[in-house]
Amino acid sequence: MEISQAERLKKLPPYLFAQIDRIKQDVKAQGVDIIDLGIGDPDQPTPAHIIEKLKQAAADAENHRYPSYEGMPAFRQAVAGWYKKRFGVALDPRDEVVSLIGSKEGIAHIPLAFVNPGERVLVPSPGYPVYKTSTMFAGGIPEILPLRGGNGFLPDFSKIPASVLRETRLMFLNYPNNPTAAVAEKSFFEEAVALAIKHGIIICHDCAYSEVAFDGCRPHSFLEVDGARDVCIEFHSLSKTYNMTGWRIGFAVGNRDIVGGLGKIKTNIDSGIFQAVQWAGVAALSGDQGCVETMRAMYQGRRDVLVSGLKSAGLDLAVPKATFYVWVNVPRGYTSSEFTMHLLRTAGIVTTPGSGFGEEGEGYIRIALTVDNERLKEAVERIKKVGF
Ligand SMILES: *Cc1c(COP(=O)(O)O)cnc(C)c1O
């Protein structure tokens with residue numbers, strides 16, 4: 001029998017990263033010592049007190065059974081407590097908080113709850129690829145929201161045609177932003193909420209990097225804005241804040257009907273997060289936040305090393321205020337993927353072409369700060385040596 005994939009799978013854009021991976025393997029096979037600045041995955045271990053809590057909770061038979069899909073009351077309470085402390089926003093843990101098997105899970109499922117086939121979803125470009133694919137899986141039409149350097153990598157809402165706004169159900173936003181590292185002011189969130197209320201659009205704000213910010217910058221939550229609770233769901237993750245990418249734990253908060261709709265999808269698909277991992281999440285959110293401060297200081301130090309090095313190598317870039325990414329202008333004469341390939345083939349450095357995050361990412365590469373200072377210095381030296 002010939003196995004043929006469903007149309008929704010065939011429609012997916014080609015996966016650019018697979019090609020980079022192939023060439024990476026080739027270069028590696030030639031004996032080159034690869035410096036991988038491609039992946040957005042923290043290189044540091046999860047803080048010890050969180051691991052201890054997991055060990056303890058894993059031994060308790062109470063936690064071996066099916067968890068509730070929406071998260072244990074203790075976890076949702078810890079989320080509400082963290083949110084109040086961090087953003088000054090009060091949440092009802094009963095119906096304004098839902099646990100997620102990593103925030104990616106919630107982002108991938110939300111269009112199924114609110115987007116009918118043929119309805120439009122505003123998707124930032126460049127952006128986290130899941131926004132577009134989850135829209136397509138639900139039968140929605142992704143409508144590109146360009147993020148451009150001239151506007152601080154914020155979308156210009158005045159450029160969206162009225163005809164599009166009429167058919168738009170949902171809008172994804174993400175600040176601090178992956179891949180551009182841009183941070184949004186509260187005034188931008190206010191503008192987005194006003195637009196959403198006017199046109200009946202649900203805002204899905206991806207807040208995965210709210211805690212990875214430098215120079216005293218404290219990114220805002222959407223729910224700090226008046227009216228946001230009527231239109232917004234915000235996705236948070238423990239992955240980047242506590243070096244827990246492998247653990248699969250995150251949460252969404254906000255409007256109870258939106259949170260409830262996502263929960264209804266989840267009851268039909270998954271059975272929640274292993275309770276021992278939820279207890280570890282409680283330890284992370286309610287425990288001493290010194291580990292978060294340490295994480296910030298570490299990335300800020302790396303950022304300073306890389307930014308000054310790349311500038312002295314002659315590359316053009318803005319100093320990121322948040323995230324562990326540096327968004328670098330590609331030098332004249334290269335496309336994003338050509339420059340990525342150049343760095344990989346001649347210098348053994350893996351980066352991510354901006355175009356992999358959508359058409360509007362062309363002209364940039366993304367460099368992740370997920371290796372130590374020595375490796376970052378070595379990367380800069382190699383770039384200086386091979387030139388461009
Ligand atoms: C890492 C990342 C996520 C996913 O985080 P998980 O909670 O690990 O699923 C979501 N959005 C963006 C923009 C990210 O970079």
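Residues numbered from 1 in each chain as written. Predicted model: local features only at pLDDT ≥ 70, side-chain atom pairs only at ≥ 80, totals over all residues. Heavy atoms only, no water.

### Examining the site of the ligand
Next, step 1: In the region of the ligand, the neighbouring residues are Gly102, Ser103, Lys104, Tyr128, Asn174, Asn178, Asp206, Tyr209, Ser237, Ser239, Lys240 and Arg248.
Next, step 2: A distance of 2.6 Å is found between an oxygen atom of the ligand and a side-chain nitrogen or oxygen belonging to serine 239.
Next, step 3: Lysine 240 has a polar side-chain atom sitting 3.1 Å from an oxygen atom of the ligand.
Next, step 4: Here the ligand, which alone exposes 390 Å², has 94% of that area covered by the protein.
Next, step 5: Its residues assigned to classes, the shell around the ligand comprises 2 nonpolar, 6 polar and 4 charged. (Near = heavy atom within 4 Å. Polar contact = N/O pair within 3.5 Å; in protein donor to acceptor, adjacent residues only side chain to side chain. Areas by Shrake-Rupley, 256 points an atom, 1.4 Å probe, with all protein chains shown as cover. Nonpolar A, V, L, I, M, F, W, Y, C, P; charged D, E, K, R; others polar.)

### Observations concerning the sheet that holds strand β13 (residues 364–368)
Next, step 1: Pairing in this open sheet of 4 strands is antiparallel, and the strands run β9-β10-β13-β12 from one edge to the other. Looking along the sheet, the strands with just one partner apiece sit at the ends: β9 (316–317) and β12 (352–353).
Next, step 2: Pairing of β9 with strand β10 (residues 325–329) involves 2 bridges; the strand directions are antiparallel. Each bridged residue has a counterpart across the sheet, and for leucine 317 the counterpart in β10 is valine 328.
Next, step 3: Contacting β12 and β13, helix α13 (residues 336–347) crosses the sheet at an angle of about 45° to β13. (Pairing = 2+ DSSP bridges. Helix = DSSP H or I, 4+ residues; strand = E, 2+ residues; numbered from the N terminus. Contact = heavy atoms within 4.5 Å. Axes fitted to C-alpha atoms, helices over the stretch in contact; angles between N-to-C directions.)

### Digging into the nonpolar core
Next, step 1: Met171, Leu173, Tyr175, Ile203, Tyr242, Leu285 and Leu310 are the most contacted members of the largest nonpolar core, which has 90 residues in total.
Next, step 2: Lining this core are residues from two domains, each supplying at least three of them: domain 1 (7–45 + 291–386) and domain 2 (48–286).
Next, step 3: Sequence-distant contacts of leucine 285, that is, excluding residues within four places in its chain, are made with Phe75, Ala78, Val79, Trp82, Leu238, Tyr242 and Phe251.
Next, step 4: Core analysis: the second largest hydrophobic core is formed by 20 residues, Ile110, Val130, Leu170 and Phe172 among them. (Core = buried A, V, L, I, M, F, W, Y, C linked by side-chain atoms within 4.5 Å. Buried < 20%, exposed > 50% of the residue type's maximum accessible area, 1.4 Å probe, protein only. Domains from an automatic or database assignment.)

### Re the side chain of serine 210
Next, step 1: The residue serine 210 is located in the loop between β6 (202–206) and α9 (228–231) in this model.
Next, step 2: Residue serine 210 is classed as buried on the basis of its relative accessible area of 3%.
Next, step 3: Among the polar contacts made by the side chain of serine 210, one reaches the side chain of glutamate 211 at a distance of 2.6 Å.
Next, step 4: Once residues within four sequence positions are removed from consideration, serine 210 is found in contact with Trp82, Arg86, Phe87, Pro176, Pro219 and His236.

### Topic: the domain arrangement of the chain
Next, step 1: Partitioning the chain into domains gives domain 1 (7–45 + 291–386) and domain 2 (48–286).
Next, step 2: Summarising the inter-unit geometry, the C-alpha centres of domain 1 and domain 2 are found 26 Å apart.
Next, step 3: Residue-level contacts link 31 residues of domain 1 with 33 residues of domain 2.
Next, step 4: Counting the surface lost from both domain 1 and domain 2, the interface buries some 2,900 Å², and carbon and sulfur atoms represent 64% of this. (Buried area = accessible area lost by both parts, 1.4 Å probe.)

### Regarding the sheet that holds strand β3 (residues 120–125)
Pairing between the strands of a sheet comes from backbone hydrogen bonds, and it takes one of two forms, parallel or antiparallel.
Next, step 1: Taken in spatial order, the 7 strands line up as β2-β8-β7-β6-β5-β3-β4 in an open sheet, and their pairing is mixed. Every interior strand has two partners, whereas the edge strands, β2 (97–100) and β4 (141–146), have only one. Neighbour-to-neighbour, the strand axes of this sheet turn through a mean angle of 25°, independent of strand direction.
Next, step 2: Judged from the 6 bridges that link them, β3 and β4 form a sheet pairing that is parallel. Residue pairing in the sheet places arginine 120 in a bridge with isoleucine 141 of β4.
Next, step 3: Its contacts with the sheet place helix α6 (residues 130–137) against β3, β4, β5 (168–174) and β6, and it is angled at close to 160° to β3.
Next, step 4: Strands β5 and β6 of the sheet are contacted by helix α8 (residues 186–199), whose axis makes an angle of about 170° with β5.

### Thoughts on the environment of leucine 238
Next, step 1: For leucine 238, the location among the structural elements is in the loop between β7 (232–237) and β8 (250–254).
Next, step 2: Every residue in contact with leucine 238, bar those within four places of it in the chain, is listed here: Asn243, Met244, Ile249, Gly250, Phe251, Gly281, Ala284 and Leu285.

### Things to note about the side chain of glutamine 275
Next, step 1: Mapped onto the fold, glutamine 275 is located in helix α11 (residues 275–286).
Next, step 2: A relative accessible area of 15% places glutamine 275 in the buried class.
Next, step 3: The residues contacting glutamine 275, other than those within four sequence positions of it, are Glu62, Asn63, Tyr66, Pro67 and Met72.

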